[in-house]
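Read off the chains here:
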Amino acid sequence: MELVFALVIGALTASGVYLLLRARTFPVVVGLTLISYGVNLFLFSSGRLATGAQPVLGTADGYADPLPQALVLTAIVIGFAMTAFVVVLSLRSLADHDDDHVDGHQESDATHTAQKPEETGK
Amino acid sequence: MNHWLTAPILIPLLGGILQVFMGYAPISLRRTLAIATTVLLLASTIILVVLASDDSYRLYAFGNWQPPFGIVLVLDRLAALMLVLTAILAIFCHIFAIGGADEGNRQFHGLFLFQLMGLNIAFLTGDLFNLFVAFEVLLIASYGLLMHGGGRARSIPGLHYVVLNLAGSAIFLISVGMIYSVTGTLNMADLALKIPELAGENMSIVKAGGMMLLVVFALKAALIPLCFWLPKAYASATAPVAALFAVMTKVGIYAILRVYLLVFGDDAGALANLGMDWLFPLALVTLTMGVIGALGADNLKTLVAWQVIISVGTLLAPIALGSAAGISAALFYLLSSTWTVGGLFLVAEMVANQRGSAKDKIVTAPRMRNRTFLSVLFLVGAVAAAGLPPLSGFFAKLLILQSVLSGSEMAWLWSVVLIGSFFTVIAYSRAGSIVFWRTVDGHIEEPRPLGGNVSVAAGALAGLSVVLVALAGPISEFTDATAAQLLNPGDYLEILKTPMVEGDN
């Protein structure tokens, strides 16, 4: 189980980082989401992995550490809110610049937009 | 248990909740309530400074849970100093904002107060995960504030800022998880007890976690190579927001001071002074980068934003060396630079409002209506920021230089700070002489007269550099005592022994 768990975290984080480095806002948002999944799983595993253990003392032979579960819950809530915000912000940026490039425009368009400063809004 | 500790969190929380429900109330009512909240906050932080100045640690345990099992708020001199620094900056930003900058977004005051709440939680908390939550609270408010005022120019820097900080939050969570998985605790005092006992692979995990934590704090503090997001984001924000953001980088510096002196301090065994040998050269490179950016800035707000980076470099260099004198000097400079930079952002906005389409670009433009007043404010701010006598920046930099008097560190610090200050003076004099002296004939639309609120706020923030000089004696006594308290973390650990069931102590 440990190996599968570690591989899943690794795959999620690696794909997340790869997508985060893309130049379009949609892959960036998906990348951030994948990273936050990986981080949440990692945080969960910091209380050690256990099967059939409850986070309550005396109900089973072993018990699971309840604190990482609370931390993950907090992290999920915060991560979800932040992702929602970044989606809205990306849509706003797309509407403002007619382009979903993270810099508002591509490098090849730089000379094109520079000739029309009234369109770049700067 | 001391219930005063919750005041700087509860006051902006309740005030902010009121604002959320009052989005459609008349703006004068919203403004009055918002300012009243900030004034109350300032009063409560002054009480906390008085409480903290007896050198003892005060504790508030949520739900009366004995630390390390519950979340605690801890008040010491450093926390009190940061609280009052933020509250004073906030009140003037807020006064500036009600001069008209708060229009156009019904939730401006709510976001502003929630931002203050996040900052205050970060300064008071004694728990690493709670510090993460505080960072998120202040960040999500800052995302909203950064976009305040709308406009296409803000969406791209805002997007960069949000994505960078989300990546930073992910790294923060990973490092918190790594530290928890080995030590089984996130209470800072408890961590300070457990980390010296680690050995072998456990120590390596905590070491990696500690270094990743430094990356997160460096991102918040805008240390090179994580500083390039800052100038664009700050320069595009509305003036009172940019001025309040002057304290946001200081949260990163506060976290470095707190965590790396307490948890990874001199007593941390194999992990003592973790990462501090990296911090010193990086701080000096940050300072240099800030100066280069300031020289190349093409508008006043970008110039001031690079000044934020210069002050981060100047602050972290003596902190990395870790002497009591250096930390005390850095804290003095922290007060001076935060208020000065805040004031300069406000002045830049006032200049921009009076120059028509030239805005705050460093180009010649028709004469400003209130040129004398604005130029005096800019002069005071620039002198204080660059560190020329007789204002506070000079004394702060002098104290920093005096704290390092031997070895290669002295050669590096003295040369970088002095040469950097020289070029900062050049950057400010170039900007000031072009903006204020070289005027051309031309017609610009008559600007709105300067409002009382706006003038008072900018004038007061600039004037604080004079106040800091006048009160330099008591303030440096306070920072000396703060540095001594920080370097003696043994007393901090006593909070773990505070009895909870008995109630008040």
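Residues numbered from 1 in each chain as written. Chains lettered and ligands numbered in written order. Predicted model: local features only at pLDDT ≥ 70, side-chain atom pairs only at ≥ 80, totals over all residues. Heavy atoms only, no water.

### A closer look at the overall build of chain B
Within chain B, the secondary structure is distributed over 19 helices and 2 strands. C-alpha extents for chain B along the principal axes are approximately 70 × 60 × 40 Å. Across the 505 residues in chain B, those meeting the buried criterion constitute 63%. Within chain B, contacts between residues at least 6 apart in sequence are counted, and of these 79% link residues at least 24 apart. As displayed, chain B has an accessible area near 17500 Å², and 66% of this comes from carbon and sulfur atoms. Counting 25 positive and 26 negative side-chain charges, chain B places the averaged centre of each group 16 Å from the other. (Helix = DSSP H or I, 4+ residues; strand = E, 2+ residues; numbered from the N terminus. Buried < 20%, exposed > 50% of the residue type's maximum accessible area, 1.4 Å probe, protein only. Contact = heavy atoms within 4.5 Å. Areas by Shrake-Rupley, 256 points an atom, 1.4 Å probe, with all protein chains shown as cover. Lys, Arg positive; Asp, Glu negative; His and termini not counted. Charge placed at Lys NZ, Arg CZ, Asp CG, Glu CD.)

### Concerning the interface of chain A and chain B
Listed by partner, the interface residues are 33 residues for chain A and 29 residues for chain B. Between chain A and chain B, roughly 2700 Å² of surface is buried when both sides are summed, and carbon and sulfur atoms account for 77% of that area. At the boundary of chain A and chain B, one finds 0 salt bridges. Summed over the shared surface of chain A and chain B, the result is 6 residue pairs in polar contact (both at pLDDT 80 or more). For the side of chain A that touches chain B, the elements supplying multiple residues, two or more each, are α2 (25-45) and α3 (66-97) of chain A. At 16 residues, the largest contribution of residues to the side of chain A that touches chain B is made by α3(A). Residues belonging to the side of chain A that touches chain B are distributed by class as follows: 18 nonpolar, 9 polar and 6 charged. (Buried area = accessible area lost by both parts, 1.4 Å probe. Salt bridge = Lys/Arg side-chain N within 4 Å of Asp/Glu carboxyl O. Polar contact = N/O pair within 3.5 Å; in protein donor to acceptor, adjacent residues only side chain to side chain. Nonpolar A, V, L, I, M, F, W, Y, C, P; charged D, E, K, R; others polar.)

### A closer look at the pattern of salt bridges
Residues and elements named next belong to chain B. With the rule as written, the count across this model stands at 11 salt bridges over all chains. Ionic pairing is found between Asp190 and Lys194, a salt bridge with its closest N-O pair at 3.4 Å. Of this pair, Asp190 and Lys194 both sit in helix α7 (residues 188-194), 4 residues apart, roughly one helical turn. When its relative accessible area of 8% is taken as the criterion, Asp190 is described as buried. Residues Lys497 and Glu494 are paired through a salt bridge, measuring 3.5 Å at the closest nitrogen-oxygen approach. The exposed category is assigned to Lys497, whose relative accessible area is 61%. Exposure remark for Glu494: the relative accessible area of 43% places this residue in the partly exposed category.

### Some words on the pairing of strand β1 (residues 58-61) of chain B
Residues and elements named next belong to chain B. Neither face of β1 is exposed, since Arg58 and Tyr60 on one face and Leu59 and Ala61 on the opposite face are all buried. When β1 meets strand β2 (residues 72-75), the two strands line up antiparallel, connected through 4 bridges. Pairing of Leu59 across the sheet is with Val74, part of β2. (Pairing = 2+ DSSP bridges.)

### A look at the side chain of His148(B)
Along the chain, His148(B) turns up in the loop between α5 (128-146) and α6 (152-183). With near-sequence residues (within four places) excluded, His148(B) lies in contact with Ala101(B), Asp102(B), Glu103(B), Asn105(B), Phe108(B), Arg154(B) and Thr238(B).

### Section: the nonpolar core
All names here are of chain B. Residues Leu128, Phe217, Tyr234 and Tyr260 are the most contacted members of the largest nonpolar core, which totals 214 residues. Here this core takes 19 residues from helix α3 (residues 77-101), the largest share from any one element. The residues contacting Leu128, other than those within four sequence positions of it, are Phe172, Val176, Ile179, Leu186, Met188, Leu191, Leu213 and Val259. (Core = buried A, V, L, I, M, F, W, Y, C linked by side-chain atoms within 4.5 Å.)

### Considerations on a nonpolar patch on the surface
Where nonpolar side chains cluster on the molecular surface, the patch consists of Leu10(B), Leu14(B), Ile17(B), Val20(B) and Phe21(B) and spans about 490 Å² of accessible area. Of note, Phe21(B) is situated in helix α1 (residues 7-21). (Patch = residues over 30% accessible without salt bridge, like charges linked within 9 Å, V, L, I, M, F, W, Y side chains within 5 Å.)

### A few points about the packing of aromatic side chains
Residue and element names in this part refer to chain B. All told, the structure shown has 22 aromatic pairs over all chains when counted by the stated rule. An angle of 70° between the planes, with centres 5.2 Å apart, marks the rings of Tyr57 and Tyr492 as edge-to-face. Taken together, the positions of Tyr57 in the loop between α2 (27-52) and β1 and Tyr492 in the segment after α19 (472-486) put the pair 435 residues apart, joining distant regions of the chain. Look at Phe129 and Phe132: their rings are 5.4 Å apart centre to centre, the planes differ by 45°, and that puts the pair in the tilted class. Here Phe132 and Phe129 lie together in helix α5, a separation of 3 residues that amounts to about one turn. (Phe/Tyr/Trp six-rings, centres within 6.5 Å; stacked < 30°, edge-to-face > 60°.)

### Topic: the packing of helix α14 (residues 324-353) of chain B against helix α18 (residues 452-470) of chain B
Geometrically, a packed helix pair is captured by the angle between its two axes and the distance between the axes. All names here are of chain B. Relative to each other, α14 and α18 sit at 150°, their axes nearing to 9 Å. Relative to α18, the element α14 lies roughly antiparallel. The hand of the α14/α18 crossing is left-handed. Contact residues: α14 offers Phe332, Leu335, Ser336, Trp339, Thr340, Gly342, Gly343, Leu346, Val347 and Met350, while α18 offers Val454, Ser455, Ala457, Ala458, Leu461, Leu464, Ser465 and Leu468. Taken together, the residues that form the contact of α14 with α18 break down as 12 nonpolar, 6 polar and no charged. (Axes fitted to C-alpha atoms, helices over the stretch in contact; angles between N-to-C directions. Parallel < 35°, antiparallel > 145°, perpendicular 65-115°, else oblique. Left-handed = near helix turned anticlockwise from the far one by under 90°.)

### Considerations on the confidence of the model for chain A
The predicted structure's coordinates, where accompanied by low pLDDT, should not be read in detail. Residue and element names in this part refer to chain A. Confidence in the prediction of chain A, expressed as mean pLDDT, is 82, and 86% of residues score 70 or more. Per-residue pLDDT, averaged within each element of chain A, yields its smallest value for helix α5 (residues 117-120) (43) and its largest for helix α1 (residues 2-20) (94). Confidence drops under pLDDT 50 across residues 109-122; counting only partners more than four residues distant or on other chains, this segment forms 6 contacts. (pLDDT = per-residue confidence, 0-100.)

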